[in-house]
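# Close look at the chain arrangement
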Amino acid sequence: MDEFVEELMAQLNCETVFTIPIFGGIKIYESIVVTWIIMAILVLISILVTRNLKVENPGKGQLLLESCVEGIYNFFLDILGNKGKRYIPYLITVALYIGLSNMIGIFGFKPPTKDINVTIALALMSIVLIEASGIKQRGVKGWLKSYKEPTALITPINIMEVFIRPLSLCMRLFGNILGAFVIMELIKLLIPVGLPVVFSLYFDFFDGLIQAYVFVFLTSLFMSEKIEEE
Amino acid sequence: MLNIDFWNIAFLIINIIILYLLMKKFLVKPVMGVIAKRQELIDSKMNEALMTQEEADSKKAEYEEKLVNAHSEAKEIIETARTQAQAEKKEILDGARLESEQIKEKAKQEIQIEREKAQHEVEAEVTQLAMIAARKILKAGGVNDTDSNK
């Protein structure tokens, strides 16, 4: 049992892959390296599938790709409206990144989203984007004013939300993926044959995609709140 | 797992930004561009079709009007021809009647003249015959008278 705990801890620990010898040594964690791999996979797949796009007579593959991208695009467009159009590519990127991160465990990599640094970074970017979209849409004054809505009484709550929202985004993603990872490790230890497949379907695919969906959905929802004129 | 490290967060943010730019360039832009282009194509074709249809409709109306005009024109032409023919017919008939009347009149006159001429001739002949007869009688009577007188 001790052995297992040790191994689990080793699995959970984000190892330092290498250290950049400046500023007293910057440690590069495994999650960053896996992120590079994910980036490479996403870009390669993107280039492969968009190689031969035709305006007229598109093939079945292109139609599938188009309906997928357009479906995701319209999903965000419905939430954000026309004013938030410019943020859609970012949200699509994050959705793809988180989705693939959560599923990459099946290829033997440690999911980057299991590292709290990654989720902190994503949540930080989300909250910056949320507030920036508000400033962009209403100007600094209008943005500050939005904290008094609907009444001045809940201004403290609105200000707290600036911190609570990214924290909840970050922790939700981190906790879910970490929990799923730990459970999967336990199941693998218990019955290494057959059973993990079933649970992997749930924890890696379903939960992974749901978490990606929830993350970008909430981000876009908060953004639409800020973009919306009173 | 839980060691929060500033540099890693910063690197990840940079990574995500790079990934965002790459995905925008390689995935979203091409696909949405193709979709937008197709939409444009469909719109332009649709407009074209609508315009062609409108044109065809107006042409059809024009031709229908022309057809109606042609019909009425034809009717008019026929009508004028008919009245003209009627008038001509009447004129010809009238002319013919007049001519026949004239011919008849002339014939009557001629007959009259002939008759008168014949009458004169007969009268002259009768006179001549009477004269001959009278002369004969006179001649014969003279002989007889002499005979008897003898």
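If you're wondering where the values come from, they're calculated on a predicted model, not measured in any experiment.

Helix and strand counts for chain B come out as 1 helix and 0 strands. Here the C-alpha atoms of chain B give a radius of gyration of 63 Å, more than 25% beyond the 15 Å that 2.2 N^0.38 yields for 150 residues. Oriented by its inertia axes, the alpha-carbon framework of chain B measures out at about 210 × 20 × 15 Å. Counting all 150 residues of chain B, 7% fall into the buried class.

This prediction gives chain B a mean pLDDT of 89; 93% of its residues lie at or above 70. Interface confidence for the predicted complex, given as ipTM, is 0.83, next to a pTM of 0.72.

Next up on the list: the interface of chain A and chain B. Opposite the 35 residues of chain A that make contact, chain B presents 28 residues. Listing elements by their share of the side of chain A that touches chain B, those giving two or more residues are β2 (26–29), α2 (30–49), α3 (60–80), α4 (88–103) and α5 (116–145) of chain A. Residue composition of the side of chain A that touches chain B, grouped by class: 25 nonpolar, 6 polar and 4 charged.

Residue and element names in this part refer to chain A. The contact between α3 and α4 brings their axes to 10 Å, and the two run at 125 degrees. When the axes of α3 and α4 are compared, the pair comes out oblique. Viewed along their axes, α3 and α4 form a crossing whose handedness is right-handed. In this structure, α3 contributes I72, Y73, F76, L77 and L80 to the contact, and α4 contributes I88, L91, I92 and A95.

Once that is clear, we can look at the nonpolar core. Of all hydrophobic cores here, the largest spans 56 residues; its most connected members are L91, V94, A95, Y97 and A121 of chain A. Elements supplying a minimum of two residues to this core: α2, α3, α4, α5, α6 (155–190) and α7 (195–227) of chain A together with α1 (6–149) of chain B. Among residues more than four places away in sequence, those in contact with Y97 of chain A are I38 of chain A together with I16 and L19 of chain B.

Next up on the list: the environment of P166 of chain A. Residue and element names in this part refer to chain A. You can see P166 is positioned in helix α6. Residue classification places P166 among the buried positions, given that 22 C-beta atoms sit within 10 Å. Separated by 18 residues in sequence, P166 and K148 place their C-alpha atoms 20 Å apart. Excluding anything up to four places from it in sequence, P166 contacts A123, L124, S126 and I127.

Quick notes on the rules
Residues numbered from 1 in each chain as written. Chains lettered and ligands numbered in written order. Predicted model: local features only at pLDDT ≥ 70, side-chain atom pairs only at ≥ 80, totals over all residues. Helix = DSSP H or I, 4+ residues; strand = E, 2+ residues; numbered from the N terminus. Rg over C-alpha atoms; globule rule 2.2 N^0.38 Å. Buried ≥ 20, exposed ≤ 12 C-beta atoms within 10 Å, placed from the backbone. pLDDT = per-residue confidence, 0-100. Contact = placed C-beta atoms within 7 Å. Nonpolar A, V, L, I, M, F, W, Y, C, P; charged D, E, K, R; others polar. Axes fitted to C-alpha atoms, helices over the stretch in contact; angles between N-to-C directions. Parallel < 35°, antiparallel > 145°, perpendicular 65-115°, else oblique. Left-handed = near helix turned anticlockwise from the far one by under 90°. Core = buried A, V, L, I, M, F, W, Y, C linked by C-beta atoms within 7 Å.

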